[in-house]
There are 2 protein chains.
Amino acid sequence: MVTIADVAATAGVGAGTVSRVLNDRPKVSPSTRARVLAAIEELEYRPNPLARGLSLGRCQTLGVVVPFFTHASAVERLRGIVAALRDSRYDLVLFNVESPVHRDEHFEALTRRDRADGLLVLSLPPPPDHLARLRAAGVPIVLVDATAPGVPCVVTDDVEGGRIATRHLLSLGHRDIAFIGDSTANGFGFTSSARREEGYGQVLRAAGIRVRRSYVRHGAHERDVAARLAGQLLRLRVRPTAVFASSDVQATGVLAAARSHGLRVPEDLSVVGFDDIEISAYAGLTTVRQPLFDSGYLGARHLLDALEGGTPIMAAEHHLPLELVVRLTTTKPRSGARG
Amino acid sequence: MVTIADVAATAGVGAGTVSRVLNDRPKVSPSTRARVLAAIEELEYRPNPLARGLSLGRCQTLGVVVPFFTHASAVERLRGIVAALRDSRYDLVLFNVESPVHRDEHFEALTRRDRADGLLVLSLPPPPDHLARLRAAGVPIVLVDATAPGVPCVVTDDVEGGRIATRHLLSLGHRDIAFIGDSTANGFGFTSSARREEGYGQVLRAAGIRVRRSYVRHGAHERDVAARLAGQLLRLRVRPTAVFASSDVQATGVLAAARSHGLRVPEDLSVVGFDDIEISAYAGLTTVRQPLFDSGYLGARHLLDALEGGTPIMAAEHHLPLELVVRLTTTKPRSGARG
DNA sequence: CGGAAGGGTGGAACCGCTTCCACCGAACCG
DNA sequence: CGGTTCGGTGGAAGCGGTTCCACCCTTCCG
């Protein structure tokens, strides 16, 4: 393995000079620089990132903590992150989280600059104690789809998103609108679903519609679970004419349930999702679109800027817009659908 | 930042002793060990992975090179890899590839033990020159869904998969069976699709059916592209009664095309896919299932064993089984469908 | 009872890089 | 023309670990 000393010897200079050339520092004469570059070329020298990292106190690595990274929305956010990192010198290290224990282990490990130079956390509010330690250790951190006091984040207005979806159904004439969202006791502190539900409730109440307990169902963020919950809704005496699911994955579960109950969508049941993941266009799903790719991209750029600019990261909230995408799963309720 | 020297001072021992305790080496008396552990506890000491890596010549990192990591099949394989790494000490560094240049850059960077201790390459046959350099540098490598001479790999029999799908359609009574696969000139050397096509051709010829040129279409591995190609097929004078798509993503494109041409599936058109990704069950797609999760898991385990056992990795081929999953998109052709 | 053997230990050297400091020589100034 | 200044450079120190070697102190054996 060829080292900086070999290059120095070949070029007939000192190691320090080679280092200066490598890092584009001034104070190297053009002729020396050329000689060093020639030696690097000749020996096919590549700096050892570990040694560099040890010396510099950083490791050219960005940690991404992401719960259930195989979920379509997480993948799309990751895509944005990868795109942002594409032209940087940073590698992406993936920390998947599938349980709170899991999450704590990762945060534990990442509470030091030597594991990752910066942290991108998706959809997961870091526990306060970890956050405090991260701050103390000076590890820059950006949250995407989550918030914490004093931490920069990229978010959308989930409450407003809930309002948008519900207003859409309301404006079509629906009054019996159900909601399917994540378990409130998910152990991670995910809040998106609850906030969307909040918007749903606000709009209904503003329209003078009581939010029935039986119309609001919670379960794990999975298609099958959502399908089961939807099945329960569809068997109620007063069946809802529309369902707002707090994610597209759950919405497709609702579609499956409707199908297996012999109900046509949208004639018998309108369905609105949230996210606009790739499958949604294919499924013709009406949904509230949030810019998933952009959220990852912006979060990563924000982190990179802080890292490269050396400025302490600003605790700003970056808000991304939401947009109703009307496709084929929503329409007016049939007259007399009730009862 | 607390270092090994701090721990040594606190415990009243030398740095070497602390290191021995950390690495569970013998030749440390129980009492000394206890004292060191107490000091570690007290100071909340965590070894610096960079320093450790520099000294040891490895970095506790596994590189995963994956083209288009957002594709559902890649995500599922990644899930297997992450699961296998879960209880190891290795971090996962993701190298996404979206162009051959891209690929070469990554391989270039990874041709040294200091970037990753081992390499997992998905669906991508490494170019021979890179392979030679990797081998020279002693970087263990395992291929998943790809092969290269002398490199261990985890694969399925794609030719057989093509046969399975085509036999299924044939046994239902179809004779006009089209194929939609990846571009042959994809620049990456992907071969899965071509091998599935090979199996398709073998079965047809064995049944005495000529493979029509017009029934075989190639394009980028995307739903929309597949939908466009399927549209071309559906407008042919002699319309095929069945389509075998070389992946489920492409199969869903075919489904979309059928829908927009007013054709019912499976009555008017049977469709078989390949992979059995998550969406396939939802879409009711008949497909050839390959164990994606397992492929990632096994590949990673294989690599970890080699890394931890220190044994030079065996250049074995690990074959994973294929299985026909019949759902709702295939049935007998309507009599007189031809013409 | 002296010497060999060997467990237990401290500390120096080393991994490959960055950076600081000392130093050299040329240019510039009074 | 001697003394600053400053661009350019070599080399040592340091980053935080691991490992090797030397050494000490028992223990055991002849």
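Residues numbered from 1 in each chain as written. Chains lettered and ligands numbered in written order. Predicted model: local features only at pLDDT ≥ 70, side-chain atom pairs only at ≥ 80, totals over all residues. Heavy atoms only, no water.

Would you explain the overall build of chain A in this entry?
When helices and strands are tallied, chain A shows 13 helices and 12 strands. At 26 Å, chain A has a C-alpha radius of gyration far larger than the 20 Å of a compact globule built from 339 residues. Here the C-alpha coordinates of chain A stretch approximately 90 × 40 × 30 Å along the principal axes. With 339 residues in all, chain A has 52% of them scored as buried. A sequence separation of at least 24 residues applies to 70% of the contacts in chain A between residues at least 6 apart. Counting every atom, chain A has about 14600 Å² of accessible surface; 52% of that belongs to carbon and sulfur. Each charge class in chain A can be summarised by its mean position, and for the 41 positive and 36 negative side chains these summaries are 5 Å apart. (Helix = DSSP H or I, 4+ residues; strand = E, 2+ residues; numbered from the N terminus. Rg over C-alpha atoms; globule rule 2.2 N^0.38 Å. Buried < 20%, exposed > 50% of the residue type's maximum accessible area, 1.4 Å probe, protein only. Contact = heavy atoms within 4.5 Å. Areas by Shrake-Rupley, 256 points an atom, 1.4 Å probe, with all protein chains shown as cover. Lys, Arg positive; Asp, Glu negative; His and termini not counted. Charge placed at Lys NZ, Arg CZ, Asp CG, Glu CD.)

What is the right way to read unusual backbone geometry from this model?
Backbone phi values are negative for most residues with the exception of glycine, while trans is the configuration of most peptide bonds. All names here are of chain A. Geometrically, the link from Val-265 to Pro-266 is a cis peptide bond, its omega value of 10° lying close to zero. Inspection of the secondary structure puts Pro-266 in the loop between α11 (248–260) and β9 (270–275). Its identity as a non-glycine residue notwithstanding, Asp-276 has a phi of 65°, on the positive side. Taking the relative accessible area as the measure of exposure, Asp-276 reaches 15% and is therefore buried.

Mind showing me how you'd approach the pattern of salt bridges here?
Residues and elements named next belong to chain A. Enumeration according to the criterion identifies 34 salt bridges over all chains in this entry. Ionic pairing is found between Arg-112 and Asp-114, a salt bridge with its closest N-O pair at 2.3 Å. Ionic pairing is found between Arg-301 and Asp-305, a salt bridge with its closest N-O pair at 2.8 Å. Separated by four residues within a single helix, Arg-301 and Asp-305 lie in helix α13 (residues 292–309), roughly one turn from each other. The exposure class assigned to Arg-301 is partly exposed, which follows from its relative accessible area of 28%. Overall, the relative accessible area of 41% leaves Asp-305 in the partly exposed class. (Salt bridge = Lys/Arg side-chain N within 4 Å of Asp/Glu carboxyl O.)

Whenever I open this one, the protein's contact with DNA strand C confuses me. Can you help?
Around DNA strand C, the structure places 27 residues, and the nearest of them are Ile4(A), Tyr45(A), Arg52(A), Thr17(B) and Thr32(B). When the atoms of DNA strand C within 4 Å of the protein are grouped by moiety, sugar and phosphate amount to 72% of the total. Between DNA strand C and Arg25(A), the relevant distance is 2.8 Å, taken from a phosphate oxygen to a side-chain nitrogen or oxygen of the residue. Within the backbone of Asn48(A), one N or O atom sits 2.9 Å away from a phosphate oxygen of DNA strand C. Sorting the residues of the surface near DNA strand C by element identifies α2 (15–22) and α4 (49–56) of chain A together with α2 (15–22) and α4 (49–56) of chain B as the ones contributing at least two each. Per element, the largest residue contribution to the surface near DNA strand C is four residues, and it comes from α4(A). Of the residues belonging to the surface near DNA strand C, the class tally is eight nonpolar, 13 polar and six charged. (Near = heavy atom within 4 Å. Polar contact = N/O pair within 3.5 Å; in protein donor to acceptor, adjacent residues only side chain to side chain. Nonpolar A, V, L, I, M, F, W, Y, C, P; charged D, E, K, R; others polar.)

How should I be thinking about the domain arrangement of chain A in this particular structure?
Accessible area lost during the coming together of the parts is what is often quoted as the interface size. Residue and element names in this part refer to chain A. Split by domain assignment, chain A resolves into domain 1 (4–47), domain 2 (60–156 + 292–320) and domain 3 (158–289). Using only C-alpha atoms to locate each centre, domain 2 and domain 3 end up separated by 29 Å. Both sides of the domain 2 and domain 3 interface together cover about 1000 Å² of buried area, and 59% of this is carbon and sulfur. Summed over the shared surface of domain 2 and domain 3, the number is zero salt bridges. Summed over the shared surface of domain 2 and domain 3, the number is two residue pairs in polar contact (both at pLDDT 80 or more). Its residues placed into classes, the side of domain 2 that touches domain 3 shows eight nonpolar, five polar and three charged. (Domains from an automatic or database assignment. Buried area = accessible area lost by both parts, 1.4 Å probe.)

Looking at this structure, I do not really get the interface of chain B and chain A. What am I missing?
Every contact between the two is made by 41 residues of chain B and, on the other side, 41 residues of chain A. Overall, the association of chain B and chain A removes approximately 3800 Å² of surface from exposure, summing both partners, and the carbon and sulfur fraction of that is 60%. The largest share of the area that chain B buries against chain A comes from Leu50(B), Arg112(B) and Tyr282(B), three residues that together contribute 21% of it. At the boundary of chain B and chain A, one finds eight salt bridges. The salt bridge involving Glu105(B) is made with Arg86(A); its shortest N-O contact spans 3.4 Å. Taken together, the connections running from chain B to chain A amount to 14 residue pairs in polar contact (both at pLDDT 80 or more).

What should I look at first to understand the sheet that holds strand β7 (residues 216–219) of chain B in this one?
Backbone hydrogen bonds are what pair the strands of a sheet, in a parallel or an antiparallel way. All names here are of chain B. The strand order across the open sheet built from six strands is β7-β6-β8-β9-β10-β12, with neighbouring strands paired in mixed fashion. A strand with exactly one partner marks an edge of an open sheet, and here the two such strands are β7 and β12 (323–325). Averaged over all pairs of adjacent strands, the angle between strand axes in this sheet comes to 20°, irrespective of strand direction. Here strand β8 (residues 242–245) runs beside strand β9 (residues 270–275); their pairing, made up of three bridges, is parallel. Paired with Phe-244 across the strands is Val-272, a residue of β9. Packing against the sheet, helix α10 (residues 223–234) makes contact with β6 (177–182), β7 and β8, and its axis sits at approximately 155° to β7. (Pairing = 2+ DSSP bridges. Axes fitted to C-alpha atoms, helices over the stretch in contact; angles between N-to-C directions.)

I keep staring at the packing of aromatic side chains and nothing clicks. Help me out?
Here a ring pair, both rings aromatic, is described through the centre-centre distance and the interplanar angle of the planes. Enumeration over the complete set of coordinates arrives at 10 aromatic pairs over all chains. Between Phe188(A) and Phe190(A), the aromatic rings sit 4.9 Å apart at their centres with planes inclined by 15°, giving stacked as the arrangement. Consider the rings of Phe293(B) and Tyr297(B), whose centres lie 6.2 Å apart with planes at 15°: the pair is stacked. Residue Phe293(B) and its partner Tyr297(B) are located together in helix α13 (residues 292–309), separated by four residues, close to a single helical turn. The partly exposed category is assigned to Tyr297(B), whose relative accessible area is 32%. Every member of this aromatic cluster is reached through a ring pair, and the members are Phe68(A), Phe188(A) and Phe190(A). The ring of Phe274(A) is capped by Arg196(A), whose NZ or CZ atom sits 3.7 Å from the centre of that ring. Above the ring of Tyr282(A), the side-chain terminus of Arg259(B) is found at 5.3 Å from the ring centroid. (Phe/Tyr/Trp six-rings, centres within 6.5 Å; stacked < 30°, edge-to-face > 60°. Lys NZ or Arg CZ within 6 Å of the ring centre and 35° of its normal.)

Can you help me understand the environment of Gly173(B) in this one?
Position of Gly173(B) relative to the elements: it lies in the loop between α8 (158–172) and β6. Residues Gly173(B) and Gly14(B), 159 residues apart in the sequence, show an inter-C-alpha distance of 79 Å.

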